[in-house]
Amino acid sequence: RVPRPAGERALRWTLKEGLTSLRGSRTCATLTQVGIRYFELELRDVATAYLTDAIKLDPKCAAAHDAVAKVWRGEGLHGQALGSAHRAIYFSPTSPAFWNTYGTVLQEVGRLEEAAAAYRRVTELDGSAAYAYSNLCYLGIMAGNTDAAASACLAALAIDPAFVPALNNLALLRAASGETASAFELFASAGGKAAAHYNIGMVRLTQRDFPAALSAFEAAYREDAAFDAAHEKARLVRRILKQRSEKLSADDRRR
C-alpha cells in the first residue's frame with residue numbers, strides 16, 4: 001500500500017471541520033470545501049459527488065466548477081476539465097486562481113498560446129502570483145523561447161525567491177545552455193544536493209550524454225543512499241552503455 005503524505009492528518013482535520021460546517025449550513029461554499037478536501041485526500045469519486053451537489057444547489061458556483069475542473073484534469077478527462085474551467089472563469093472572471101486552472105488545462109490539451117494568455121491574465125489580476133510567472137516560464141521552455149522563459153522565471157523568483165517550480169525551471173534553462181554549475185545551485189536550492197545531482201542526470205539523459213548522466217545519478221545516491229530513483233536510473237544508463245559497448249565491439253570484429 002502506497003503511504004499517504006505526511007500532511008494527511010492535517011487534511012483529515014480540515015475535512016472534519018468542513019463536514020461540521022456542512023451540517024450547519026448546506027451551501028455552495030461548504031459543499032465545495034468538503035469536495036476539495038476529499039480531492040486532496042485522493043478520494044475523487046467522493047469529491048465529485050460533493051462538488052456536483054454544490055453545482056446543483058448553485059449552478060453559478062464558480063469555486064465548485066474550478067474544483068471539478070481539477071478533478072477531471074487529474075483523471076485525464078481534459079474535455080470535461082476545459083468546460084468546467086471555462087465556466088469557473090465565466091462566473092468569476094476576476095479570480096486569478098480560476099484563470100490559472102483554466103491555463104493549466106489549456107496547456108495539457110496543447111493550446112499553448114491560449115494557456116499563456118490565461119497565465120498573463122493571472123498576472124494582470126495578481127501581480128504577486130509567482131506561480132503564473134513560473135507557468136509562463138515553463139511554456140517558454142516548451143516553445144524553445146529561452147529568453148522569454150528566463151524572464152518569466154526571474155519574475156517569479158523576484159516575487160518569491162524560494163518558489164521551487166521556478167527554481168527548477170530556471171535550472172533547466174541553465175543546464176540546457178551549458179551552465180551546469182548555475183543549474184546545480186538552482187536545483188540544490190529547490191530540493192537539496194541529491195535532487196540536484198539527479199536532475200542534472202535527467203538533463204544529461206535527455207541530451208543522450210550517458211557517461212555524464214551516470215556520473216550524476218551516482219553522485220545523487222552517494223548523497224542519499226536511499227534515493228531509489230537515482231539507483232534505478234544509474235542501472236538503466238549502465239545497461240545502455242553496456243549495449244553500446246557490445247555493439248561497438250561487434251562492429252569492430254566485422255571489420
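Calculation notes
- Residues numbered from 1 in each chain as written.
- Predicted model: local features only at pLDDT ≥ 70, side-chain atom pairs only at ≥ 80, totals over all residues.
- Heavy atoms only, no water.
- Helix = DSSP H or I, 4+ residues; strand = E, 2+ residues; numbered from the N terminus.
- Buried < 20%, exposed > 50% of the residue type's maximum accessible area, 1.4 Å probe, protein only.
- Contact = heavy atoms within 4.5 Å.
- Disulfide = S-S within 2.5 Å.
- pLDDT = per-residue confidence, 0-100.
- Expected span 1.5 Å × (residues − 1).
- Phe/Tyr/Trp six-rings, centres within 6.5 Å; stacked < 30°, edge-to-face > 60°.

Take the overall build of the protein chain next. Along its length, the protein chain carries 14 helices and zero strands. The buried share of the protein chain, reckoned over its 255 residues, is 40%. Taking as baseline every contact in the protein chain between residues at least 6 positions apart, the subset at least 24 positions apart corresponds to 42%.

Going through the model one piece at a time under the given rule, you end up with two disulfides. Linked covalently through their sulfurs, Cys137 and Cys153 form a disulfide whose S-S length is 2.1 Å. Its S-S torsion of about -85° marks the bond between Cys137 and Cys153 as left-handed, since a negative value means left-handed. Of the two residues, Cys137 sits in helix α8 (residues 130-143) while Cys153 sits in helix α9 (residues 146-159), which places them 16 residues apart along the sequence. Judged by its relative accessible area of 0%, Cys137 falls in the buried class.

What follows deals with the confidence of the model for the protein chain. Averaged over every residue, the pLDDT of the protein chain is 88; the share at 70 or more is 87%. Under a pLDDT of 50 for its full length, residues 1-6 has, in the predicted model, two contacts with residues more than four places off or in other chains.

Turning next to helix α5 (residues 78-91). Along its 14 residues, α5 runs 20 Å from first to last C-alpha, staying within 8% of the 20 Å computed at 1.5 Å per residue. The inward-facing, buried residues of α5 abut α4 (62-74) and α6 (96-108).

Further remarks concern the packing of aromatic side chains. For the structure shown, the criterion picks out four aromatic pairs. For the pair Tyr90 and Phe91, a centre-to-centre distance of 5.2 Å together with 75° between the ring planes defines the contact as edge-to-face. Taking the relative accessible area as the measure of exposure, Tyr90 reaches 61% and is therefore exposed. Joined through ring pairs, the aromatic side chains of Tyr198, Phe217 and Phe227 make up one cluster.

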